[in-house]
Amino acid sequence: MRIHCPFCGERDSDEFVSTGLVRASRPAADAPIQAFVDHVHFPDNPAGEVREYWHHVHGCRQWLIAVRDTRTHLIVSVELARRGAA
Amino acid sequence: MTYSAFALLRNAFSGNRHWKPVWREPEPKAFYDTIVVGGGGHGLATAYYLAKEHGITDVAVVEKGYLGSGNVGRNTTIIRSNYLLPDNTRFYERSLQLWEGLEQDINYNAMVSQRGVLNLAHSDGQRDAYARRGNAMRIAGVDAELLGRDEIRRMVPLLDMDNARFPVKAGLLQRRGGTVRHDAVAWGYARAADQRGVDLLQNCEVIGVRVENGRVLGVETTRGFIGARRVALAAAGNTSRVAAMAGLRVPLESHVLQAFVSEGVKPIIDQVVTFGAGHFYVSQSDKGGLVFGGDIDGYASYAQRGSLAVVEDVMEEAIALFPSFSRLRFLRQWGGVMDMSMDGSPIIDVTPISGLFLNCGWCYGGFKATPASGWCFAWTIAKGEPHALNAGFRLDRFATGRVIDEKGAGAQANLH
């Protein structure tokens with residue numbers, strides 16, 4: 001698997017660490033306990049295209065958001081996280 | 001047909017022309033008492049124990065590919081019960097006991113080989129942790145021995161005991177652990193279940209689960225709708241997808257785990273040996289190939305293949321531990337999709353949907369659990385509540401805080 005880093009070009013996925021799906025931030029402090037249980041323990045686990053954070057730890061150290069298909073490992077697009085997360 | 005030495009001789013002298021197909025290929029009926037989703041080790045074992053222990057024989061196992069095409073044929077064939085936490089120790093020890101009697105029980109040669117599982121420790125702290133785990137096992141009535149360097153050197157002469165970074169300090173040995181021929185487990189359970197009247201429906205993929213008023217009514221499949229009073233999910237890495245069809249969320253992430261086998265060589269490793277400073281383990285198959293296992297790839301995946309980075313990592317660890325392996329050639333590499341749970345422990349439980357049962361979250365360790373998983377799941381389905389052995393493996397433990405986190409890694413599916 002190769003990931004096209006906006007700064008470094010196409011690089012081996014071994015240079016990156018995935019920290020999982022881009023998702024809503026944690027529930028508000030006064031949210032019901034079940035909201036926290038779902039947030040921590042019940043992730044979406046789709047077979048298909050997902051938006052994930054990838055950290056280019058052995059490269060430019062930028063955080064990226066990649067759209068990747070979990071059935072084929074095909075990477076559809078990559079963008080800088082600070083733009084994509086907005 | 002019962003397999004025996006006599007049957008073998010009779011068929012040998014009649015040109016092996018009279019062997020019968022091992023199981024039937026029935027058409028799906030319109031309705032079953034119980035449908036098991038997933039024709040792998042756990043699903044087939046569940047169907048077998050439903051019929052044998054509870055007399056429930058109006059059962060179908062639906063499988064999207066062929067029987068045993070998933071993780072039961074993609075693991076590294078290891079069995080053991082060397083766990084620290086009581087829920088795991090009791091459950092896996094029951095599994096090991098069932099392995100010990102399995103071949104006579106199902107009249108099938110699964111090549112159960114109790115050759116021992118040796119975990120290597122590479123630091124003083126790790127040796128202490130192993131001593132603690134060994135003591136926990138012995139208190140629970142499980143065999144465990146803490147070995148020193150000299151015993152390990154005699155037992156595994158090819159080991160590099162004095163690696164500069166990770167010298168071997170000690171080892172925790174479970175002599176009753178070992179390996180089993182994994183395909184034969186699927187075939188043996190399938191045959192034994194079929195003989196008791198279970199319908200094995202291959203190439204029958206579940207594409208929907210019909211639920212009305214909180215009650216399951218059956219499954220939509222590629223071979224049409226099949227009604228059922230009870231539906232039991234044993235779909236491993238695809239559990240999230242099937243559960244979602246019933247509107248159920250599960251605490252799982254699917255990850256790909258690879259395994260490897262080398263060319264065949266003369267017997268050089270008698271045990272299963274695990275590296276304590278990384279994630280690598282090795283055993284030698286009866287054909288002579290060295291079977292290597294390693295870490296998951298680290299990102300969510302439903303593809304049954306992994307990346308080269310893990311191949312390199314596993315090989316590096318292999319050579320760090322056994323320098324002589326550097327001259328081996330590798331024959332094959334493959335991947336399976338693991339249902340990684342959020343605390344590293346499995347779930348065998350009823351669900352909030354009436355008639356729907358859940359068996360998942362096996363992480364790296366599904367194969368060794370096969371008999372006890374099937375046994376406990378069959379009990380749970382038949383009685384409508386968990387057995388004492390799987391009373392800790394509940395779905396609600398993530399909300400109640402009673403997680404069973406053997407590694408203490410927290411809610412990070414890719415760290416268990």
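Just so you know, these numbers come straight off a predicted model, no measurement behind them. (Residues numbered from 1 in each chain as written. Chains lettered and ligands numbered in written order. Predicted model: local features only at pLDDT ≥ 70, side-chain atom pairs only at ≥ 80, totals over all residues. Heavy atoms only, no water.)

Participant: Can you walk me through the packing of aromatic side chains in this structure?
Facilitator: Centre-to-centre distance and the angle between the planes together describe a pair of aromatic rings. Residue and element names in this part refer to chain B. Within this structure, the stated rule accounts for 19 aromatic pairs over all chains. Aromatic side chains Phe166 and Phe275 sit 5.9 Å apart centroid to centroid with 80° between the ring planes, which places their arrangement in the edge-to-face category. Linking Phe166 in the loop between helix 5 (149–155) and strand 6 (170–174) with Phe275 in strand 13 (residues 272–275), this pair joins segments that are 109 residues apart in sequence. On the basis of an interplanar angle of 20° and a centroid distance of 6.1 Å, the ring pair of Trp375 and Trp379 is categorised as stacked. With a gap of four residues between them, Trp375 and Trp379 both fall in helix 9 (residues 366–383), about one helical turn apart. For Trp379, a relative accessible area of 24% translates into the label partly exposed. Here the aromatic residues Tyr83, Phe91, Tyr92, Trp362 and Phe393 are joined through ring pairs into a cluster of three or more. A cation over an aromatic ring shows up here: Arg94 above the ring of Trp375, its NZ or CZ 4.3 Å from the ring centre. (Phe/Tyr/Trp six-rings, centres within 6.5 Å; stacked < 30°, edge-to-face > 60°. Helix = DSSP H or I, 4+ residues; strand = E, 2+ residues; numbered from the N terminus. Buried < 20%, exposed > 50% of the residue type's maximum accessible area, 1.4 Å probe, protein only. Lys NZ or Arg CZ within 6 Å of the ring centre and 35° of its normal.)

Participant: Any chance you could explain the sheet that holds strand 4 (residues 49–55) of chain A here in plain terms?
Facilitator: Residue and element names in this part refer to chain A. Spatial ordering of the open sheet is given by 3-4-5-6, a layout of four strands whose pairing is antiparallel. Each of the sheet's edge strands pairs with one partner strand only, and the pair in question is strand 3 (17–21) and strand 6 (75–80). Averaged over all pairs of adjacent strands, the angle between their axes in this sheet comes to 30°, without regard to strand direction. In this structure, strand 5 (residues 63–69) lies alongside strand 6, joined through five bridges in antiparallel fashion. Following the sheet pairing, Val67 is matched in strand 6 by Ser77. (Pairing = 2+ DSSP bridges. Axes fitted to C-alpha atoms, helices over the stretch in contact; angles between N-to-C directions.)

Participant: Just to check I follow, could you spell out the pairing of strand 10 (residues 215–221) of chain B for this structure?
Facilitator: Put simply, side chains in a regular strand alternate between the two faces of the sheet. All names here are of chain B. With six bridges connecting them, strand 9 (residues 206–212) and strand 10 associate as antiparallel partners. By the bridge assignment for strand 10, Gly208 is matched with Glu220. Between the antiparallel neighbours strand 9 and strand 10 lie two residues, among them Asn213 with a positive phi of about 50°.

Participant: Honestly, the sheet that holds strand 16 (residues 330–341) of chain B in this entry has me stumped. Any pointers?
Facilitator: Residue and element names in this part refer to chain B. One open sheet accounts for eight strands, arranged 5-6-4-13-14-15-12-16; its pairing is mixed. Lying at the two open borders of the sheet, with one neighbouring strand each, are strand 5 (145–147) and strand 16. Strand-to-strand twist across the sheet, computed as the mean angle between neighbouring axes with direction ignored, equals 25°. Strand direction decides the pairing type here: strand 12 (residues 252–264) and strand 15 (residues 289–300), joined by six bridges, are antiparallel. Across the sheet, the residue bridging to Gly264 is Gly289, located in strand 15. Sheet contacts for helix 4 (residues 124–139): strand 4 (117–121), strand 5 and strand 6; angle to strand 4, the most-contacted strand, approximately 145°. Those strands touched by helix 8 (residues 308–321) are strand 4, strand 12, strand 13, strand 14 (280–284), strand 15 and strand 16, and its axis lies near 135° from that of strand 15. (Contact = heavy atoms within 4.5 Å.)

Participant: In this structure, what is going on with helix 8 of chain B? I would like to understand it.
Facilitator: Given 3.6 residues per helical turn, the α-helix brings residues three or four places apart onto the same face. Residue and element names in this part refer to chain B. End to end, helix 8 covers 20 Å across 14 residues, agreeing with the expected 20 Å (1.5 Å per residue, within 8%). If you check which residues of helix 8 are buried, you get Val310, Val311, Val314, Met315, Glu317, Ala318 and Leu321. End-on, the buried residues of helix 8 take up no more than an arc of 160°, which puts them together on one face. (Expected span 1.5 Å × (residues − 1). Arc of directions from axis to C-beta.)

Participant: Help me out: how do you make sense of the confidence of the model for chain B in this one?
Facilitator: A low pLDDT score tells you not to read the predicted coordinates there in detail. Looking at chain B as a whole, its pLDDT mean stands at 96, while 100% of the residues score no less than 70. As a predicted assembly, this complex carries a pTM of 0.95 together with an ipTM value of 0.92. (pLDDT = per-residue confidence, 0-100.)

Participant: Explain a nonpolar patch on the surface to me, please; I cannot follow it from the model alone.
Facilitator: On the surface, Met1(B), Leu8(B) and Trp19(B) cluster together to form a nonpolar patch covering roughly 290 Å² of accessible area. Relative to the helices and strands, Met1(B) resides in the segment before helix 1 (5–13). (Patch = residues over 30% accessible without salt bridge, like charges linked within 9 Å, V, L, I, M, F, W, Y side chains within 5 Å. Areas by Shrake-Rupley, 256 points an atom, 1.4 Å probe, with all protein chains shown as cover. Salt bridge = Lys/Arg side-chain N within 4 Å of Asp/Glu carboxyl O.)

Participant: For this particular structure, what's the right way to read the pattern of salt bridges?
Facilitator: Where side chains of opposite charge bring their charged atoms close, a pairing between them can arise. Residues and elements named next belong to chain B. Tallying each qualifying case throughout the model produces 28 salt bridges over all chains. A salt bridge links Arg90 to Asp87; the nearest nitrogen and oxygen atoms lie 3.3 Å apart. One end of the pair, Arg90, and the other, Asp87, are both in helix 3 (residues 86–106), three residues apart, so they sit about a helical turn from each other. Under the relative-accessibility criterion, Arg90 is labelled partly exposed at 43%. Linking Arg394 and Asp349 is a salt bridge whose minimum nitrogen-to-oxygen distance equals 2.8 Å. Remark: Asp349 occurs in strand 17 (residues 347–350) and Arg394 occurs in the loop between helix 9 and helix 10 (397–400); sequence separation between them is 45 residues. Of the residues examined, Arg394 reaches a relative accessible area of 28% and is grouped as partly exposed. A single salt-bridge network, built from bridges that share partners, covers Glu93, Glu100, Asp143 and Arg176.

Participant: What exactly am I supposed to notice about the environment of Gly125(B) here?
Facilitator: Residues and elements named next belong to chain B. The residue Gly125 is located in helix 4 in this model. By relative accessible area, Gly125 is classed as partly exposed at 47%. C-alpha of Gly125 to C-alpha of Lys169: the two residues are 44 residues apart in sequence and 10.0 Å apart in space.

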